[in-house]
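Examination of the molecular architecture
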Amino acid sequence: MGSSTGWLPVALLLAAVALSSVLSPPAAAAAEADGADHAVQQHSERISGSAGDVLEDNPVGRLKVFIYDLPRKYNKKMVAKDPRCLNHMFAAEIFMHRFLLSSAVRTLNPKEADWFYAPVYTTCDLTPAGLPLPFKSPRVMRSAIQYISNKWPFWNKTDGADHFFVVPHDFGACFHYQEEKAIERGILPLLQRATLVQTFGQENHVCLKEGSIIIPPFAPPQKMQAHLIPPDTPRSIFVYFRGLFYDTGNDPEGGYYARGARASLWENFKNNPLFDISTEHPATYYEDMQRAVFCLCPLGWAPWSPRLVEAVVFGCIPVIIADDIVLPFADAIPWEEIGVFIEEKDVPKLDTILTSMPIEDILRKQRLLANPSMKQAMLFPQPAQARDAFHQILNGLARKLPHPEGVYLPPGEKHLNWTAGPVGDLKPW
């Protein structure tokens, strides 16, 4: 059981709640643009140094992207068949496609392109429960690559090294939601030279290849906007979390799901009055996050979840419990400064760690989280806005230019093995 003797002294906790500055998320960026929200300006803090500059970079004019015109079965037909794809946490692959179609970086002349993009929706073929079918995803991707390599000459010139793909699956291009099976499968061999834009990030992991761009999962901006509360609402909840602690359906024996970290949270803090944690997901979920000082972001099957986005957007200090996680846009967002990192083995000491934080550190993290650019970088709004996640992805691609000499292969030279991988992945789609 977590210690109860190290609780934040009442006066300090009240100070943290009273002085914390919560900002209205997507609205904050718009207010900044209008010059209207003085509270945002007063209680936010710009990221100092190169990280702040990178976050506000404009990618337009720094790269050109050619979009392959793939048959609808690889993208739009899937959404028409199952519109749930538009709202789940993997939807970045859909909205990135829509954004690029009208983006200023798009070129219709492939000969002047810096990057080639194939819009393949690998997470849109869903089970009745709304989860991507893991055995379908690699076959869809493989089929699309075969199509573009046969119809256009550009893939074969580089074996895909100047191509990028959005793969927002639990474990990226390993295409499985269970880590053990994802590791066994590995990244689809045909993507070994491509740049992967993915939500999954963990150091020294089979499913994260060097040079990948880590992005936030999709969280619906309009839905969050509809649940905003007054920005001066006190943060009366110290620690907040809603979600599973055990996954008895997929991990009946326990201990494998979330590597036991969520189970430890529940067993240690279910009766701690400073911890508002439950499996119930109330209608006031977004409002409650705006009333909380700390929001727990533990790993589940994968190390990432939309809670990270929600915490940043709602100004709730993210408490990240996922060893070796690689976070979205880490070269632009100072995660160490805005969040709290807890090793999985230290979950039983979480109350002591959080109640021991100096009030000055808490307030500074809140000021940094109040920065509209920070919030904007985590969102995929429609229509797109300056400095949003779409533009951060383009910034990441632009920073990889120019391509190194080894990208372009001598005529006839090939690096990829088209028959490698699990037998099931080689089946036609």
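Quick look at the structure, then. No experiment lies behind these values; they were computed from the predicted model shown. (Residues numbered from 1 in each chain as written. Predicted model: local features only at pLDDT ≥ 70, side-chain atom pairs only at ≥ 80, totals over all residues. Heavy atoms only, no water.)

What follows concerns unusual backbone geometry. In this structure, Pro-383 follows Gln-382 across a cis peptide bond, with omega equal to 0 degrees. With respect to the helices, strands and loops of the structure, Pro-383 is situated in the loop between helix H17 (372-376) and helix H18 (389-398). Cis geometry marks the peptide bond from Leu-401 to Pro-402; its omega dihedral reads -5 degrees. Mapped onto the elements, Pro-402 comes out in the segment after H18. Positioned with a positive phi, Phe-175 is a non-glycine residue whose angle comes to about 55 degrees. Position of Phe-175 among the secondary structure elements: in the loop between strand S3 (163-166) and helix H9 (179-185). Owing to a relative accessible area of 0%, Phe-175 belongs among the buried residues under this scheme. In this structure, Phe-329 is a non-glycine residue whose phi angle is positive, near 50 degrees. By the secondary structure assignment, Phe-329 is in the loop between strand S9 (317-321) and helix H14 (335-338). (Helix = DSSP H or I, 4+ residues; strand = E, 2+ residues; numbered from the N terminus. Buried < 20%, exposed > 50% of the residue type's maximum accessible area, 1.4 Å probe, protein only.)

The subject of this paragraph is the layout of surface pockets. Roughly 1100 Å³ of volume is contained in the largest pocket. Along its surface, the largest pocket is lined by 39 residues, and Met-89, Leu-131, Ser-305, Pro-306 and Arg-307 are the ones closest to its centre. Elements supplying a minimum of two residues to the lining of the largest pocket: helix H12 (285-290) and helix H13 (307-313). Of the residues belonging to the lining of the largest pocket, the class tally is 20 nonpolar, 11 polar and eight charged. Domain assignment of the residues forming the lining of the largest pocket places at least three in each of domain 1 (65-218 + 386-403) and domain 2 (221-378). What lines the second largest pocket is a set of 19 residues, among which Ser-212, Ile-213, Ile-214, Ala-330 and Asp-331 lie closest to the centre. At the level of elements, strand S5 (213-214) and H18 are the ones that each hand at least two residues to the lining of the second largest pocket. Looking at side-chain class alone, the lining of the second largest pocket contains seven nonpolar, seven polar and five charged residues. In this structure, the lining of the second largest pocket is formed jointly by two domains, domain 1 (65-218 + 386-403) and domain 2 (221-378), each of which donates at least three residues. (1 Å grid on protein atoms, 1.4 Å probe; cavity = no way out; pocket = protein on both sides within 12 Å on 5 of 7 lines; lining within 4 Å. Points joined across faces, edges and corners; volume = space filled by probe spheres on them. Nonpolar A, V, L, I, M, F, W, Y, C, P; charged D, E, K, R; others polar. Domains from an automatic or database assignment.)

Our focus in this paragraph is the sheet that holds S3. Across the sheet, five strands lie side by side as S1-S2-S3-S4-S5; this open sheet has parallel pairing. Two strands in the sheet have a free side with no partner beyond their single neighbour: strand S1 (65-67) and S5. Of the strand pairs in this sheet, strand S4 (residues 195-198) and S5 are connected by two bridges, and their pairing is parallel. By the bridge assignment for S5, Val-197 is matched with Ile-213. (Pairing = 2+ DSSP bridges.)

A separate point is the pattern of salt bridges. Proximity of charged atoms lets side chains of opposite charge pair with each other. For the coordinates displayed, the defined rule picks out 15 salt bridges. A salt bridge links Asp-125 to Lys-136; its shortest N-O distance comes to 3.1 Å. On the criterion of sequence distance, the pair formed by Asp-125 in the loop between strand S2 (115-117) and helix H7 (137-151) and Lys-136 in the loop between S2 and H7 is long-range, its members being 11 residues apart. Of the charged contacts in the structure, one is a salt bridge between Asp-346 and Lys-345, with a shortest N-O distance of 3.2 Å. On the accessibility criterion, Lys-345 (59% relative accessible area) is exposed. (Salt bridge = Lys/Arg side-chain N within 4 Å of Asp/Glu carboxyl O.)

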